Amino acid sequence: MTTSFDFTGRTALVTGAASGLGLAMARALSKSGARLVLFDLDGDGLAKAAAELNLIRPDSMTPFTGSITDQSAVKAACDLAVELGGGLDIVMNNAGIAGNAPSLDLEESVWRNAVDVNLTGTFLMAQAAGRVMAANGGGSIINTASMYGVVAAPERAAYCATKAAVVALTKVLAIEWADRNIRVNAIGPGYVRTALTETLVEQGRLDLDALNARVPAGRLGTPEEIATAALFLASDASAYVTGQTLVADGGWSSYSYL
Ligand SMILES: NC(=O)c1ccc[n+]([C@@H]2O[C@H](COP(=O)([O-])OP(=O)(O)OC[C@H]3O[C@@H](n4cnc5c(N)ncnc54)[C@H](O)[C@@H]3O)[C@@H](O)[C@H]2O)c1
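Since the model is a prediction, treat every value here as computed from it, not as a measurement.

Sheet topology note: the strand S2 (residues 35-40)/strand S3 (residues 61-65) ladder contains five bridges and is parallel. Bridge pairing in S3 places Phe 39 opposite Phe 64. In the classification by handedness, the crossover that spans S2, the intervening helix H2 (residues 43-56) and the parallel S3 is right-handed.

Structure (structure tokens):
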């Protein structure tokens, strides 16, 4: 897949960059010329990702191991991006977890963890990035929500509630920070084949044949297709777009026939 975005001279930070959608976003940003800080909990996965991406553009990747739920870590990662590139232009605020279970059985700890990572972590990273961007003339933040922030499915109370909160958070930050030249948008992926969905398939919580039959596009999305939609939101091509959630789901959330 080719993209025509040019991020030469820009510095981006991607969370959840060791795997799945975050890794695809990092790859796409790198191919488009950006310098990157890759942020993830998984230090080994990050080292592998950075090694792969440094082959695309040598010495353009810096891994940072930490949790988006740790305020000091997210601040340090944003400061590192500024040190490396002189500013922080783009944040793909992407790390997230599932936490799916029937609501009658959902453990309090699973619920709290999903809120902590998907909502509080997303806010803390956006806040830290927003502070840096406000001091440096602006930037673009792209939160990863989900089509399940817009429509619902059973056994996903924690996931749907936290992703809907990310959609709302995106609107609030966008209107607060528009006058500081900071755009805040969200991407709302449908089903995409990544480690997260593989785990749900292994747990018997996802039926791939049923998903392919349900989605109007007839197939799951690819991480690259989500990454290029996120790149549009990061780029100047979307300069007048803020507060929006771009749902990239092969038509899933528009379809309500059978
Ligand atoms: N895969 C899909 O079908 C799909 C659909 C809609 C939305 N999403 C969203 O896309 C995002 C990425 O999902 P994915 O499918 O690539 O998942 P994934 O599990 O492949 O990757 C998630 C990455 O985030 C990291 N991570 C988890 N918790 C973290 C934390 N507290 N701090 C820092 N890093 C952390 C993990 O180590 C992992 O590398 C998530 O927000 C997810 O909810 C995915």
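The next point concerns the site of the ligand. In the vicinity of the ligand lie 30 residues, with Ser 19, Asp 40, Tyr 159, Val 192 and Thr 194 positioned nearest. Contact distances for the ligand include 3.4 Å between an oxygen atom and a backbone N or O atom of Gly 190. One of the backbone nitrogen or oxygen atoms of Val 192 is found 2.8 Å away from an oxygen atom of the ligand. Expressed as a share of its isolated accessible area of 830 Å², the protein-covered part of the ligand is 92%. Of all the secondary-structure elements, those providing two or more residues to the shell around the ligand are helix H1 (20-31), S2, helix H5 (157-177) and helix H6 (195-202).

Below, the discussion takes up the pattern of salt bridges. Within this structure, the stated rule accounts for nine salt bridges. A salt bridge links Arg 112 to Glu 108; the nearest nitrogen and oxygen atoms lie 2.6 Å apart. On the criterion of helical spacing, the pair formed by Arg 112 and Glu 108 is a turn pair, its members being four residues apart in helix H4 (residues 108-135). Per residue, the accessibility class of Arg 112 equals that of Glu 108, and both read exposed. A salt bridge links Glu 155 to Arg 205; its shortest N-O distance comes to 3.6 Å. Note that Glu 155 is positioned in the loop between strand S5 (139-144) and H5 and Arg 205 in the loop between H6 and helix H7 (208-214), a separation of 50 residues in sequence.

Thresholds, definitions, all that
Residues numbered from 1 in each chain as written. Predicted model: local features only at pLDDT ≥ 70, side-chain atom pairs only at ≥ 80, totals over all residues. Heavy atoms only, no water. Pairing = 2+ DSSP bridges. Helix = DSSP H or I, 4+ residues; strand = E, 2+ residues; numbered from the N terminus. Right-handed = clockwise from strand over helix to strand, strands pointing away. Near = heavy atom within 4 Å. Polar contact = N/O pair within 3.5 Å; in protein donor to acceptor, adjacent residues only side chain to side chain. Areas by Shrake-Rupley, 256 points an atom, 1.4 Å probe, with all protein chains shown as cover. Salt bridge = Lys/Arg side-chain N within 4 Å of Asp/Glu carboxyl O. Buried < 20%, exposed > 50% of the residue type's maximum accessible area, 1.4 Å probe, protein only.

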